[in-house]
Amino acid sequence: MHLLRHHATPFPPLQKLVLVACLLASASNSHAAGNASNNRWVSDSLHTYVRSGPTDGYRIVGTLVSGQKVTLLQTSGDYSQVRGETGSAVWIANRDLQDVPGQAERLPQFEQQVAELSAELAGINDTWKTRVQGMQETLNSRKTLIDELQTARSTLDSELSQTNSELRELQAQLGEENQQVLMRYMAYGGGIAGAGLLAGLILPTMLRVRRKRNDQWV
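Residues numbered from 1 in each chain as written. Predicted model: local features only at pLDDT ≥ 70, side-chain atom pairs only at ≥ 80, totals over all residues. Heavy atoms only, no water.

**Observations regarding the overall build of the chain**
Operational definition: Helix and strand assignments follow DSSP, with helices taken as H or I runs no shorter than four residues and strands as E runs no shorter than two, numbered in order from the N terminus. In what follows, residue pairs with any heavy atoms lying within 4.5 Å of each other are defined as contacts. With residues, only the protein chains shown are counted as cover, and all accessible areas are computed by Shrake-Rupley using a 1.4 Å probe.
Counting secondary structure elements, the chain contains two helices and seven strands. Listing the helices and strands of the chain from first to last along the sequence gives α-β-β-β-β-β-β-β-α. Sequence separation of 24 or more characterises 57% of the internal contacts of the chain that already satisfy a separation of 6 or more. When the accessible area of the chain is evaluated, it comes to approximately 16500 Å², of which 57% is carbon and sulfur surface.

**Thoughts on the pattern of salt bridges**
What counts, and what does not: Every case where a carboxyl oxygen of Asp or Glu lies within 4 Å of a side-chain nitrogen of Lys or Arg is listed as a salt bridge. Each residue is placed in one exposure class: buried if its accessible area under a 1.4 Å probe, protein chains only, is under 20% of its type's maximum, exposed if it is over 50%, and partly exposed if it falls in between.
Per the counting criterion, the structure on display carries one salt bridge. For the salt bridge of Arg153 with Asp157, the shortest nitrogen-to-oxygen distance reads 3.9 Å. With Arg153 and Asp157 both in helix H2 (residues 103–217) and four residues apart, the pair spans about one turn of that helix. Residue class for Arg153 comes out exposed when judged on its relative accessible area of 60%. On the basis of relative accessible area, Asp157 is assigned to the partly exposed category, the value being 43%.

**Quick notes on the pairing of strand S4 (residues 69–76)**
Basically, it comes down to this: Note: two strands are recorded as paired if DSSP finds a minimum of 2 bridges between them.
Pairing analysis gives five bridges linking S4 to strand S5 (residues 79–83), with the strands arranged antiparallel. Within S5, the position partnered with Thr75 by the bridge is Ser80. Hairpin connection from S4 to S5: two residues lie between these consecutive antiparallel strands, with Gly77 at a positive phi of about 65 degrees.

**Describing the environment of Arg83**
Which entries qualify depends on this criterion: Here a polar contact is taken to be a pair of N or O atoms separated by no more than 3.5 Å, where protein atoms must pair a possible hydrogen donor with a possible acceptor and residues adjacent in sequence count only if both atoms sit in side chains.
Following the sequence through the fold, Arg83 ends up in strand S5. Overall, Arg83 belongs to the partly exposed group, its relative accessible area being 37%. Between the C-alpha atoms of Arg83 and Leu72, which are eleven residues apart in sequence, the distance is 6.7 Å. Leaving out residues up to four positions away in the same chain, Arg83 has contacts with Val70, Thr71, Leu73, Ser88 and Ala89. Among the polar contacts listed, one links the side chain of Arg83 to the backbone oxygen of Gly87, at a separation of 2.6 Å.

**What about the environment of Asp56?**
Residue position: Asp56 is located in the loop between strand S2 (48–51) and strand S3 (60–64). Residue classification places Asp56 among the exposed positions, given a relative accessible area of 54%. Along the backbone, Asp56 and Tyr79 are 23 residues apart, and their C-alpha atoms lie at a distance of 9.0 Å. Contact partners of Asp56, with chain neighbours within four places excluded, come to Arg51 and Tyr79. Within the structure, the side chain of Asp56 is placed 2.3 Å from the side chain of Tyr79, a separation counted as a polar contact.

**Considerations on the packing of aromatic side chains**
Filter applied, for reference: Pairs were defined over the aromatic rings of Phe, Tyr and Trp, the Trp ring being its six-membered one, requiring ring centres within 6.5 Å. Orientation was assigned from the angle between planes: stacked under 30 degrees, edge-to-face over 60, tilted for the rest. Counted as over-ring charges are cases with an Arg CZ or a Lys NZ within 6 Å of the ring centre that also lie within 35 degrees of the ring normal.
Going through the model one piece at a time under the given rule, you end up with zero aromatic pairs. When the ring centre of Trp128 is taken as origin, the NZ or CZ atom of Arg131, which lies over that ring, is 5.2 Å away.

**A short note on the confidence of the model for the chain**
Our working definition: Known as pLDDT, the predictor's confidence for each residue is given on a scale from 0 to 100.
Confidence in the prediction of the chain, expressed as mean pLDDT, is 76, and 71% of residues score 70 or more. Within the chain, S5 carries the highest mean pLDDT (93), whereas helix H1 (residues 14–34) carries the lowest (47). Across residues 1–20 the pLDDT falls below 50, and counting only partners more than four positions away or on other chains, this stretch makes 27 contacts in the model. Contacts from residues 31–35, a stretch scored under 50 in pLDDT, to residues over four places away or in other chains number eight contacts.

**Some thoughts on the environment of Gly53**
On the secondary structure map, Gly53 appears in the loop between S2 and S3. Residues Gly53 and Tyr79 lie 26 residues apart in sequence; the distance between their C-alpha atoms is 8.3 Å. With residues up to four places along the chain from it excluded, the contact list for Gly53 reads Tyr58, Tyr79 and Trp91.

**Structural notes on the nonpolar core**
Counted only if it meets this: By nonpolar core we mean a set of buried residues, namely Ala, Val, Leu, Ile, Met, Phe, Trp, Tyr and Cys, connected to one another through side-chain atoms within 4.5 Å.
Within the largest apolar cluster, nine residues are counted, these being Val50, Val61, Leu64, Val70, Leu72, Val82, Val90, Ile92 and Leu97. Those elements giving two or more residues to this core turn out to be S3, S4 and strand S6 (89–93).

Right, dumping it as structure tokens:
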């Protein structure tokens, strides 16, 4: 059997870890549910030796690469027999196996999910920007209409105030004219009454004078 040299998986950049950290728990569960029951992966964080039998007493026959996918053949105590890419069956400690893919395999999927989420968020952001712009335009139109209505109301209030002032002046003039007309009527009526009284006093006198003259002629 050929020995498999351990290759260290490069540690993901910090910013990638920040982006995908929120996806790790759900992604791990979904991977575990979707994978076949016999699929296992070598732990990412250690140098993994494999043995020829299911105990620490068996000799080391090689190593497996961190994150490497293997097929579980059987389990005996603290060890499991797995088959690697070379097709050879070897024994590995159970603690060195995990039932979800390693970081090296999951990272591209996480990056794709992050890209999809970023695109979706960008689309949502653009949609909201369009909506906000539309609402802002509507608000500006309504504000302009309100300003125009307020200006028109101010103009009408000014015209109404001026009309009320003119109406008061006309009412005052009308009152003065009514008083003048009343005074004229009173003076005219007084003149007629005086003339009638004078006529009532003069006519009898004139009639008596004419009778005397007529009597004298006779």
